[in-house]
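Spelled out from the first residue to the last, the chains are:
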Amino acid sequence: ASSARAQNRPDLYVTRLQKAIQIYRAALKVSPSNATAQKAMADLRPELSSAQKALRERQSSDIQKYLYSGMGHYQSGQLQEAIADWNRVLSIDPAHEQAKDYIRRAEKKLELTR
């Protein structure tokens, strides 16, 4: 079940795992010998690592998908749609220089057509 959740929304799954780990960490501060919290931490850490890997893979795939979709829109003259796709890239990776450059080019082209 956890792998299905991680595949559907790995971002939410990672957040939930991180919150669970915080809760168990707090429980262990209060009661360091709490066996339930110790076991949960031992189980959650590798699950979090796996979920983070799935999230990175999903993000990388989405970035490529939106970059190429934007290029297709740009080449067919659909500049607003291209910009929207590249903004989706920036929502995943705000520092993505290629997407920023493509947006600048498309916005410049839009200004010239007005």
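Residue positions are counted from 1 within each chain, in the order its sequence is given. Totals for whole chains, interfaces and linings use all residues, but because this is a predicted model, local features are given only for residues with pLDDT of at least 70 and pairs of side-chain atoms are given and counted only at 80 or more. For the side-chain quantities, the full set of heavy atoms in the structure was used; hydrogens and water were omitted.

**Remarks on the overall build of the chain**
Then step 1. Secondary structure elements follow DSSP: runs of H or I of four or more residues count as helices, runs of E of two or more count as strands, with numbering from the N terminus. Tallying secondary structure elements over the chain gives five helices and zero strands in all.
Then step 2. When the helices and strands of the chain are placed in sequence order, the string is α-α-α-α-α.
Then step 3. Based on C-alpha atoms, the radius of gyration is set beside the globule rule, defined as 2.2 Å times the residue count to the power 0.38. Scaling as 2.2 N^0.38, a compact globule of 114 residues should have a C-alpha radius of gyration of about 13 Å, whereas the chain reaches 21 Å, well beyond that.
Then step 4. Overall, the chain is about 70 × 25 × 15 Å in size when its C-alpha atoms are taken along their principal axes.
Then step 5. In the chain, buried positions account for 27% of the 114 residues.
Then step 6. Taking the intrachain contacts of the chain between residues at least 6 apart in sequence as the baseline, contacts between residues at least 24 apart amount to 48%.
Then step 7. Accessible surface area values rest on a Shrake-Rupley calculation with a 1.4 Å probe, where residue burial reflects the displayed protein chains alone. A total accessible area of about 7700 Å² is found for the chain, and carbon and sulfur atoms account for 51% of it.
Then step 8. Positive residues here are Lys and Arg, negative ones are Asp and Glu, while His and the chain termini are left out of the count. Note that the charge is assigned to NZ on lysines, CZ on arginines, CG on aspartates and CD on glutamates. Averaged over its 19 positive side-chain charges, the chain has a centre that lies 6 Å from the centre of its 12 negative ones. Only protein chains enter the accessibility calculation, which uses a 1.4 Å probe; a residue whose area is less than 20% of its type maximum is buried, one above 50% is exposed, and one in between is partly exposed. Two residues form a contact once any of their heavy atoms are found within 4.5 Å.

**Some thoughts on helix α5 (residues 97-113)**
Then step 1. The length a helix should cover is 1.5 Å for every residue beyond the first. Here α5 spans 25 Å end to end across 17 residues, near enough to the 24 Å set by a 1.5 Å rise per residue.
Then step 2. If you check which residues of α5 are buried, you get A99, Y102, I103, A106 and L110. Buried residues along α5 cover an arc of 100 degrees about the axis, so they all sit on one side. Facing away from the buried side of α5, by more than 90 degrees, are the exposed residues K108, E111 and L112.
Then step 3. Check the buried side of α5 and you find it contacts α3 (35-75) and α4 (79-92). As used here, the arc belongs to the directions running from the helix axis to the C-beta atoms.

**Thoughts on the packing of aromatic side chains**
Then step 1. The rule is short: rings of Phe, Tyr and Trp, with Trp giving its six-membered ring, pair when the centres are within 6.5 Å, and they are stacked under 30 degrees, edge-to-face over 60, tilted in between. Following the criterion strictly, the structure yields two aromatic pairs and no others.
Then step 2. Taking 6.0 Å as the distance between ring centres and 45 degrees as the angle between the ring planes, the aromatic pair formed by Y74 and W86 counts as tilted. Taken together, the residues Y74 in helix α3 and W86 in helix α4 connect sequence positions 12 residues apart.
Then step 3. Taking the relative accessible area as the measure of exposure, W86 reaches 2% and is therefore buried.
Then step 4. Aromatic ring contacts, followed pair by pair, group Y74, W86 and Y102 into a single cluster.
Then step 5. Working rule: Lys NZ or Arg CZ, within 6 Å of ring centre, within 35 degrees of ring normal, means a charge sits over the ring. A cation over a ring is seen here: K109 above Y74, with NZ or CZ 4.8 Å from the ring centre.

**Details of the confidence of the model for the chain**
Then step 1. Of the residues in the chain, 94% reach a pLDDT of 70 or more, and the chain-wide mean stands at 93.
Then step 2. The secondary-structure element of the chain with the lowest mean pLDDT is helix α1 (residues 2-8), recorded at 61, while α4 shows the highest, at 97. pLDDT measures the predictor's confidence residue by residue and takes values from 0 up to 100.

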